[in-house]
Structures are given as structure tokens and as C-alpha cells.
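Listed here are the chains, written in short residue letters.
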Amino acid sequence: QILSTMKIRHCAADDVSRGGMRFVCSEPVPKGSQLKIGFTLPEKSFSFEAIVRVAWVRERASSKGGQYEIGATFVDIPAAAVEYLTAFIKSSART
């Protein structure tokens, strides 16, 4: 399994589900790339790493200096992370 050697500093997740995520980044990432990401759930002291595959990339029309929305699916995610994500999504749906 080959992972991208790109170094992406900081990206902000806009949307997270059990199957994947959408995040905003200052750099484009090629569609189909596999990335190792570090992720921390808001309001939780739980962090994890996962492997994602980039499904789509689009430049934000309103961005100056380039900002990209990236949709990615989880390829490899720890079981404990799935449990935390599920609980986080359920609690977010209630608020």
C-alpha cells in the first residue's frame, strides 16, 4: 500500500461520517491519493490516525490564495475510532 508523500500541514474537517470526511485544505490533493491523517474530535480528548482515499477535490470559488474542499473515504480506521465517531455523530445530531 503506497501512501502519498505529500506533507499537508493543517486541514480543517467540515463534515465527518462513519464512512469518510470532507475537509478544507490550502493545497490540492490528487484524486485517488491515499493519505495518513491525524484527527482529533472536537470537545473530546480522543485522537486517532486513519488512512483515507481522496474521492473528489474542488477549489472553493470564494477563496483567495487557494482553498480546496476534499472529500475522502476511510480506508483503514481503528475500531475504537469508529466507536468514538459514532457516538460523536449521534450527539451532534441531537444538538
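All values reported here derive from a predicted model rather than from experimental measurement.

## Considerations on the sheet that holds strand β2 (residues 20-25)
- Strand order in the open sheet made by the five strands is β1-β2-β5-β4-β3, with antiparallel pairing throughout. Each of the sheet's edge strands pairs with one partner strand only, and the pair in question is β1 (12-16) and β3 (34-40). Recorded for the sheet is a direction-independent mean angle of 40 degrees between the axes of neighbouring strands.

## A short note on the pairing of β2
- Most of β2 is tucked away, with five of its six residues classed as buried.
- As consecutive antiparallel partners, β1 and β2 are separated by three residues.
- Pairing between β2 and strand β5 (residues 68-76): six bridges, direction antiparallel. Within β5, the position partnered with M21 by the bridge is A72.

## Structural notes on the side chain of E69
- Along the polypeptide, E69 turns up in strand β5.
- Polar side-chain contacts of E69 include one of 3.2 Å to the side chain of R60.
- In contact with E69, not counting residues within four places along its chain, are R22, F23, V24, W56, V57, R58 and R60.

## Considerations on the packing of aromatic side chains
- With the rule as written, the count across this model stands at zero aromatic pairs.
- The ring of W56 is capped by R58, whose NZ or CZ atom sits 4.2 Å from the centre of that ring.

## Looking at the confidence of the model for the chain
- Averaged over every residue, the pLDDT of the chain is 81; the share at 70 or more is 81%.
- Of all helices and strands in the chain, the one with the weakest mean pLDDT is β1 (79), whereas β5 scores best (93).

Reading guide: rules and limits
Residues numbered from 1 in each chain as written. Predicted model: local features only at pLDDT ≥ 70, side-chain atom pairs only at ≥ 80, totals over all residues. Heavy atoms only, no water. Pairing = 2+ DSSP bridges. Helix = DSSP H or I, 4+ residues; strand = E, 2+ residues; numbered from the N terminus. Axes fitted to C-alpha atoms, helices over the stretch in contact; angles between N-to-C directions. Buried < 20%, exposed > 50% of the residue type's maximum accessible area, 1.4 Å probe, protein only. Polar contact = N/O pair within 3.5 Å; in protein donor to acceptor, adjacent residues only side chain to side chain. Contact = heavy atoms within 4.5 Å. Phe/Tyr/Trp six-rings, centres within 6.5 Å; stacked < 30°, edge-to-face > 60°. Lys NZ or Arg CZ within 6 Å of the ring centre and 35° of its normal. pLDDT = per-residue confidence, 0-100.

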